[in-house]
Number of protein chains: 2
Amino acid sequence: MTNRIQTRDPELTRVRILDAAEALFIEQGFSAVKLSALARSAEVTKSLIHHHFGSKEQLWEAVKDRAFERYFTAQMAMLEEAGEPDAALLRSSVEAYFHFLRDNPGVVRLFAWTHLEGDSHCGELDNQLVGAGAEWVRQAQQRGLLRQDINPTHVIALFVMTCTQWFEAKCHHQHWPGMGTDEAFLEDFLKIFMEGVTPRD
Amino acid sequence: MTNRIQTRDPELTRVRILDAAEALFIEQGFSAVKLSALARSAEVTKSLIHHHFGSKEQLWEAVKDRAFERYFTAQMAMLEEAGEPDAALLRSSVEAYFHFLRDNPGVVRLFAWTHLEGDSHCGELDNQLVGAGAEWVRQAQQRGLLRQDINPTHVIALFVMTCTQWFEAKCHHQHWPGMGTDEAFLEDFLKIFMEGVTPRD
DNA sequence: GCCCTAACTGGCCGGCCGGTCAATAAGCTG
DNA sequence: CAGCTTATTGACCGGCCGGCCAGTTAGGGC
C-alpha cells in the first residue's frame, strides 16, 4: 500500500488497475490473484479497485472484455488487409496468426484460462471472424484453388488451434527430443497444411 | 465434515482423497479448490488430508503424478500395439489418440492447468513416447511412405496438439458457424494431415 | 492381553481474504 | 467562494483459508 499515486483522473486510474490486473490474471489465473497484491502492483488502494470495478469478478470480466476486444479488432484488421482468396494468401494468413500469437503471449494464456472456466463468450466473439475466414476458404474452393471435400470452418479451426496450442503448451513440448524452433515448426506445419488443403493435380 | 467414513485402511483412504482431489482440481484448478470442500467430498477430515499428503501443494503434485503416470502407461500400451510403420498406422494412431482424449477429458484439463502453471514435468514425462513416435515416423520416411522433408517430431507434435486443443478449447469453437462434430472434424483433419504427410507421386 | 504404531478426530489458530464504510479531498459548476 | 460530485483513503469486518496439535482409537506383532 506504500508508494501510491493519486491522479484524480478516473479513466487513467481505471486503466492502471486494468493493466495491472491483466498482467496478474494472465500470469496466475483468477482465483490465485489476491486483491491486495493487485492493489500494490497498480499502486492504488484496494478500496479504489472496488470503487471502480465493484468486485474481483467484475474486474476479471472487464479485463477479459478489454483484451478480447483488442484481439478481435487486431484480427479484424488483419482480415481486411487480405486480398483475393488463394493458396498463397492462406499461407500468409497462417503465418500472420502464428506471429501474432508469438508476439502476444498474454492472449494465449487468457484464452486458456477462459477455456478452463468454460466461458464460451470469447468464442462467440469471433464467430464473425471465423465466418469471414470460412467464407474466404469457400470462395477459394469454388475457384478450385483449395480442395473441396473439406469443411471450410475446419480449415480455419485447424490452423487457429495449432498455432494456439503451440504457444499454450510450449512448456510441455519444448524439451521433446528433436523439437525445432517456432519458425521451424511453423515451416513444417505449413508444408503439411498447405499440401493437405490444395487439390491434387 | 458430516458423513465421514473410517476405513482404517490408509491405502484406501489415500485413494479416496486422491480421487476427490483429482476431480476438484481438474474442475476448478489448484488455487480455487478449498481443502474444506475437498475433505467433504472425500468424506474425510481436513486433518486426515494433511496427515497423508502433508500440504495442499504436495497433494496437487501427487494428483498430477498419478494422473500422468496413468496417461503415460496408457499411451505406452497403445504405442506397443502398433505394428510396422506406414501411413495407415499413422492414421489409426491419430484416431486412437483423438478418441483417447475424447474419453478422458480430465487429462486434457489437467494438462491445461499444468501448462498454465509452467510446469514442464508432464512434458518431460513423454519424451520417451514422443521419441518412439518420431523414430517410427522416421522409419516410414526412409521407406518412402511419408515425405522426408519434415521433422518427424513435428509430425507427432502436430497431431497431438491438434487433438488436445480440439477438446481443450471446445467451449470456444463449438459455437463457430459451420463447425462439425468431433468425428467430422477428425475426418477433415485426417484428410489434410494424411495428404500433407504422404509423398506426392 | 499389552503395547506400539499410525490412522484418525475435533478444535483451534494466525493470517489474510474480499469487501464495506465513513471521512477526506480534489475538481467542477455556478 | 459555496456546494456538489466523486475519486480516494485507511481503518475495519466477518469469514474462512491452510495448517497444527493434543488426543483418541483401532489394528498388528509379540
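Everything below is about the structure shown above.
Asks: Summarise the protein's contact with DNA strand C; cite the residues concerned and give the values.
Replies: Around DNA strand C, a shell composed of 22 residues is seen, among which L35(A), K46(A), R8(B), S47(B) and H51(B) lie nearest. Contacts to DNA strand C include R8(B), whose backbone N or O atom sits 2.7 Å from a phosphate oxygen. Within the side chain of H51(B), one N or O atom sits 2.5 Å away from a phosphate oxygen of DNA strand C. Taken together, the elements giving at least two residues each to the surface near DNA strand C come down to helix 2 (35-42) and helix 3 (46-53) of chain A together with helix 1 (10-28) and helix 3 (46-53) of chain B. For the surface near DNA strand C, the leading source of residues is helix 3 of chain B, giving four residues. For the surface near DNA strand C, the per-class residue count stands at four nonpolar, 11 polar and seven charged.

Asks: Go over helix 1 of chain B, please, and point to the residues and values.
Replies: Residue and element names in this part refer to chain B. With 19 residues, helix 1 extends 26 Å from end C-alpha to end C-alpha; this agrees with the ideal 27 Å at 1.5 Å per step. Buried within helix 1 are the following residues: T13, R16, I17, L18, A20, A21, E22, L24, F25 and I26. Elements in contact with the buried residues of helix 1: helix 2 (35-42), helix 3, helix 4 (56-81) and helix 6 (105-117). Where helix 1 begins, one side-chain oxygen reaches toward the backbone nitrogen of E11, 3.1 Å away; that side chain belongs to D9. A positive backbone phi angle near 85° is found at G29, which sits one or two residues after helix 1.

Asks: I'd like to hear about the relation of the copies chain A and chain B, residue by residue, with values.
Replies: Think of it as a corkscrew move, a rotation about one axis and a shift along it, taking one chain copy to the other. Note on the identical chains: chain A maps onto chain B by a rotation of 180° and an axial translation of 0.0 Å, with an RMSD of 0.0 Å. Such a turn and shift between the copies fits a two-fold axis. Scanning chain A for the C-alpha nearest the rotation axis identifies G196(A), at a separation of 2.1 Å. The residues that chain A uses at the interface reappear at the interface of chain B in 100% of cases, marking a shared surface.

Asks: With reference to specific residues and values, describe the packing of helix 1 (residues 10-28) of chain A against helix 3 of chain A.
Replies: All names here are of chain A. Look at helix 1 against helix 3: their axes get within 11 Å of each other, and the N-to-C directions meet at 110°. Between helix 1 and helix 3, the crossing angle belongs to the class labelled roughly perpendicular. Contacts between helix 1 and helix 3 involve P10, T13, R14, I17 and L18 from the former and L48, I49, H52 and F53 from the latter. A class-by-class count of the residues in the contact of helix 1 with helix 3 yields six nonpolar, two polar and one charged.

Asks: An account of the protein's contact with DNA strand D is needed here, citing residue identities and associated values.
Replies: Around DNA strand D, 22 residues are found, and the nearest of them are R8(A), S47(A), H51(A), L35(B) and K46(B). Here, DNA strand D places atoms within 4 Å of the protein, and 61% of those atoms are sugar or phosphate. S36(B) has a polar side-chain atom sitting 3.3 Å from a phosphate oxygen of DNA strand D. One nitrogen or oxygen atom from the side chain of H50(B) is found 3.2 Å from a phosphate oxygen belonging to DNA strand D.

Asks: An account of the nonpolar core is needed here, citing residue identities and associated values.
Replies: L59(A), F193(A), L59(B) and F193(B) are the most contacted members of the largest nonpolar core, which totals 131 residues. Apart from the residues lying within four places of it in its own chain, the contact partners of F193(A) are L90(A), V94(A), V155(A), L158(A), F159(A) and I192(B).

Asks: Please set out the pattern of salt bridges residue by residue, giving values where relevant.
Replies: Enumeration over the complete set of coordinates arrives at 30 salt bridges over all chains. Where R102(B) meets D103(B), a salt bridge forms, and the shortest distance between an N and an O atom there is 3.1 Å. One network of salt bridges, with partners in common, ties together D19(A), E22(A), R66(A) and R70(A).

Asks: Go over the packing of aromatic side chains, please, and point to the residues and values.
Replies: Residues and elements named next belong to chain A. All told, the structure shown has 24 aromatic pairs over all chains when counted by the stated rule. Judged by centre distance (5.0 Å) and plane angle (85°), the rings of Y71 and F111 are edge-to-face. Of the two residues, Y71 is situated in helix 4 (residues 56-81) and F111 in helix 6 (residues 105-117); the sequence distance between them amounts to 40 residues. Like F111, Y71 is buried. When the ring centre of F30 is taken as reference, the NZ or CZ atom of K56 above it lies at 4.5 Å.

Asks: Mind laying out the environment of C171(A), listing which residues take part and the relevant values?
Replies: Take C171(A): it is sitting in helix 10 (residues 170-173). Judged by its relative accessible area of 12%, C171(A) falls in the buried class. For the pair formed by C171(A) and I26(A), sequence separation is 145 residues and the distance between their alpha carbons is 16 Å. Excluding residues within four positions of it along the chain, C171(A) makes contact with H115(B), G118(B), D119(B) and S120(B).

What counts, and at which threshold
- Residues numbered from 1 in each chain as written.
- Chains lettered and ligands numbered in written order.
- Predicted model: local features only at pLDDT ≥ 70, side-chain atom pairs only at ≥ 80, totals over all residues.
- Heavy atoms only, no water.
- Near = heavy atom within 4 Å.
- Polar contact = N/O pair within 3.5 Å; in protein donor to acceptor, adjacent residues only side chain to side chain.
- Helix = DSSP H or I, 4+ residues; strand = E, 2+ residues; numbered from the N terminus.
- Nonpolar A, V, L, I, M, F, W, Y, C, P; charged D, E, K, R; others polar.
- Expected span 1.5 Å × (residues − 1).
- Buried < 20%, exposed > 50% of the residue type's maximum accessible area, 1.4 Å probe, protein only.
- Contact = heavy atoms within 4.5 Å.
- Least-squares fit on C-alpha atoms with pLDDT ≥ 70 in both.
- Axes fitted to C-alpha atoms, helices over the stretch in contact; angles between N-to-C directions.
- Parallel < 35°, antiparallel > 145°, perpendicular 65-115°, else oblique.
- Core = buried A, V, L, I, M, F, W, Y, C linked by side-chain atoms within 4.5 Å.
- Salt bridge = Lys/Arg side-chain N within 4 Å of Asp/Glu carboxyl O.
- Phe/Tyr/Trp six-rings, centres within 6.5 Å; stacked < 30°, edge-to-face > 60°.
- Lys NZ or Arg CZ within 6 Å of the ring centre and 35° of its normal.

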